[in-house]
Amino acid sequence: MNLLLARETPAFLPHGYCYLWQPGVLGLHLVSDTVITLSYYSIPVGLVWFVRHRRDVPFDWIFWLFAIFIAGCGTTHLMEIWTLWHPDYWLAGAVKAVTALASIGTAVALVPLLPKVVKLPSPDQLAAANKELESFSYSVSHDLRSPLRAIDGFARMLAEDHGAALAPDAQRQLGVIRANAARMGQLIDDLLAFSRLGRKAIEAAPVDLAELARTVAEELRREVADRPIEVAIESVPPARGDRSLLRQVLINLLGNAFKFTRGRAPARITFGARRDRGETVYYVRDNGVGFDMAYAAKLFGVFQRLHRAEEFEGTGVGLALVQRIVRRHGGRVWAEARVDEGASFYFTLSGRGAA
Amino acid sequence: MNAPHEVEILLVEDDPNDVELTLRALKDRNFVNQVFVARDGAEALDFFFGDGKHRWHETGIVPRVILLDLKLPKVDGLEVLRRLKGDERTRALPVVILTSSREEPDIAAAYHLGANSYIVKPVDFEAFARAVSDVGLYWALLNEPPH
């Protein structure tokens, strides 16, 4: 039986008594319940899509609870339609009971959650805090440069004007002062580059990473022309991102591969890509000194180093820079290594060139 | 302080170390007796617009170039630049910003106000000395002033 039939034979209007024997009232309830059902079913779909795409969202369980509760509400309205023609009132009651449980569960769960949620920083607050931090680190970096210039400059003047009068040991000590001033300058420059990254807008365009890797590797090779190094650049799927930033990623990853294969004859360095669960994973692999995976978590932190300065030079900013660039491209970076058996660094790019 | 008639470069810099390093860098190219130093923005403005003994339009001292730091006590560098470029008498004087700031807004503001050049001081003394002496050489010797 359907509404059309009911119109033709008003005597058989379902729930005729409740709807005042007027098909219009029945039609209004039917259409409204249908619309409510459809929208109540679509809202949980949206909520679930949201929590699955934003894995970092805090209190994601409340969204699941909302989804169940709203889906339950949708089902009660579906039952309203069903019972117009089928007297399954036990089933309709049971659906209502389940929805009631879900709704009271949601209501109770909200009580302790609200004071926590209200304390969550808003995107505006986070952006403001981030901006403050950026400008702070930037001005600190600049103010650090002035005294450094004086240290380096006066040490240099001392060496020039009185170098002849200084004992060899004093000259060596002066050299140590200057070398450390230079090192500090490098640290500040790296920190500045790191800080600037947070403010630079990403200009996404198609990038041929293999070609980029080839030029970077050639430049790096020129600096260590006397070492036996075998570089293999495999063809990789096209990438999308900010060319100058992705160049920084390759300079750091390939630069590390060059650095940490020192003493290997020959050093073997590979840049390539593979498909993994639907995404392209780019990698830089070397047969260098590697590292202990126990310290892998520290790898991408600013100023974190796994090697002593006497063994391998560096400021510990490079991989932090890599991680920041990759993340700003919506990707991930990680590494696998074994002591003395080389290291592999992997990264993905979302291709969206997200900010 | 240098004799007025020898003034060729006006250095506006508050950090005494940077003053000494700059003078040293210039000295290596024999600019030593041609540099006048103002220790803050007010002193720089006084050189051009004040009643002091350095009033440039009375003594006829015309610097070939002004090396201007941005972070200065009393009157900051951008304000000095604004006053210099806003006055008919000083507008034609070349002003080179010599500063630690690589901040985009500073650079944009300086050029907008009419700076002739913008140089970020390198930390490394050799690079710094080269930058300073190149600026001195170019503006004080190679560049042909408008008068």
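Procedures and definitions
- Residues numbered from 1 in each chain as written.
- Chains lettered and ligands numbered in written order.
- Predicted model: local features only at pLDDT ≥ 70, side-chain atom pairs only at ≥ 80, totals over all residues.
- Helix = DSSP H or I, 4+ residues; strand = E, 2+ residues; numbered from the N terminus.
- Buried ≥ 20, exposed ≤ 12 C-beta atoms within 10 Å, placed from the backbone.
- Contact = placed C-beta atoms within 7 Å.
- Nonpolar A, V, L, I, M, F, W, Y, C, P; charged D, E, K, R; others polar.
- Expected span 1.5 Å × (residues − 1).
- Core = buried A, V, L, I, M, F, W, Y, C linked by C-beta atoms within 7 Å.
- Pairing = 2+ DSSP bridges.
- Axes fitted to C-alpha atoms, helices over the stretch in contact; angles between N-to-C directions.
- Left-handed = near helix turned anticlockwise from the far one by under 90°.
- Right-handed = clockwise from strand over helix to strand, strands pointing away.

A. Structural detail: the overall build of chain A. A count of helices and strands for chain A gives nine helices and seven strands. The buried share of chain A, taken over its 355 residues, is 25%. Contacts spanning at least 24 positions in sequence make up 66% of the contacts within chain A whose residues lie at least 6 apart.

B. Representation of the overall build of chain B in the model. What chain B contains, in helices and strands, is six helices and five strands. Secondary structure of chain B in N-to-C order comes out as β-α-β-α-α-β-α-β-α-β-α. For chain B, with 147 residues in total, the buried portion stands at 41%.

C. Region of interest: the interface of chain A and chain B. Tallying the contact residues gives twelve residues for chain A and twelve residues for chain B. Secondary-structure elements contributing two or more residues to the side of chain A that touches chain B are helix 5 (123–162) and helix 6 (168–197) of chain A. Residues belonging to the side of chain A that touches chain B are distributed by class as follows: four nonpolar, four polar and four charged.

D. Region of the structure containing helix 3 (residues 60–85) of chain A. When the terminal C-alpha atoms of helix 3 of chain A are compared, their 39 Å separation across 26 residues agrees well with the 38 Å that a helix rising 1.5 Å per residue should span. Looking at helix 3 of chain A, one finds that the buried residues are A:Leu65, A:Ala67, A:Phe69, A:Ile70, A:Gly72, A:Cys73, A:Gly74, A:Thr76, A:His77, A:Met79 and A:Leu84.

E. Highlighting the nonpolar core. Counting residues in hydrophobic clusters, the biggest one holds 44 residues, and the most contacted among them are A:Ala213, A:Val249 and A:Leu254. By residue number, the principal contributor to this core is helix 8 (residues 243–260) of chain A, which donates nine residues. Look past the residues within four positions of A:Val249 in its chain and what remains in contact with it is A:Val322, A:Ile325, A:Val326 and A:Phe347. Of all hydrophobic cores here, the second largest spans 38 residues; its members include B:Ala38, B:Phe47, B:Val96 and B:Phe125.

F. Geometry of the environment of A:Gly105. Residue position: A:Gly105 is located in helix 4 (residues 89–117). In this structure the C-alpha to C-alpha distance between A:Gly105 and A:Phe66, which are 39 residues apart in sequence, comes to 9.8 Å.

G. Highlighting the pairing of strand 1 (residues 9–12) of chain B. Residue and element names in this part refer to chain B. The alternating pattern of strand 1 places Ile-9 and Leu-11 and Leu-10 and Val-12 on opposite faces, both of which are buried. Here strand 1 runs beside strand 2 (residues 35–38); their pairing, made up of four bridges, is parallel. Along strand 2, the bridge assignment pairs Leu-11 with Val-37.

H. Up close: the packing of helix 1 (residues 16–27) of chain B against helix 6 (residues 125–142) of chain B. Residues and elements named next belong to chain B. Following both chains from N to C, one finds helix 1 and helix 6 inclined at 65°, their axes separated by 8 Å at the closest point. Relative to helix 6, the crossing made by helix 1 is right-handed. For the pair formed by helix 1 and helix 6, the contact residues are Leu-21, Thr-22, Ala-25 and Leu-26 on the first element and Phe-125, Phe-128, Ala-129, Val-132, Ser-133 and Gly-136 on the second. Looking at side-chain class alone, the contact of helix 1 with helix 6 contains seven nonpolar, three polar and no charged residues.

I. Here's a closer look at the pairing of strand 5 (residues 117–120) of chain B. Residue and element names in this part refer to chain B. Here strand 4 (residues 95–99) pairs with strand 5 via four bridges, running parallel. If you follow Leu-98 over to strand 5, its bridge partner there is Ile-119. In the classification by handedness, the crossover that spans strand 4, the intervening helix 5 (residues 104–112) and the parallel strand 5 is right-handed.

J. Structural context of unusual backbone geometry. Residue and element names in this part refer to chain A. The amide bond that connects Ala-265 to the next residue, Pro-266, takes the cis arrangement and shows omega of 0°. Along the polypeptide, Pro-266 turns up in the loop between helix 8 and strand 4 (267–276). Positive phi is not limited to glycine here, since Phe-59 has a value of about 55°. Turning to its location among the elements, Phe-59 is positioned in the loop between helix 2 (23–53) and helix 3.

K. A look at the sheet that holds strand 4 of chain B. Residues and elements named next belong to chain B. Pairing is parallel in the open sheet, where five strands are placed in the order 2-1-3-4-5. Edge positions in the sheet fall to strand 2 and strand 5, since each of these pairs with one other strand and no more. Taking each pair of neighbouring strands and ignoring which way they run, the sheet shows an average axis angle of 20°. Strand direction decides the pairing type here: strand 3 (residues 65–68) and strand 4, joined by three bridges, are parallel. Among the inter-strand pairings, Leu-67 is bridged to a residue of strand 4, identified as Val-96.

L. View of the sheet that holds strand 5 (residues 279–286) of chain A. All names here are of chain A. Read across the sheet, five strands follow the order 2-4-5-7-6 without closing on themselves; strand pairing throughout is mixed. Looking at strand neighbours, the two that pair on one side only are strand 2 (229–233) and strand 6 (333–337), the edges of this open sheet. Strand-to-strand twist across the sheet, computed as the mean angle between neighbouring axes with direction ignored, equals 20°. Alignment of strand 4 against strand 5, held across eight bridges, turns out to be antiparallel. Its bridge partner lying in strand 5, Gly-272 is registered against Tyr-283. On top of the sheet, helix 7 (residues 209–223) reaches strand 2, strand 4 and strand 5; it is set at about 165° to strand 2, its chief contact.

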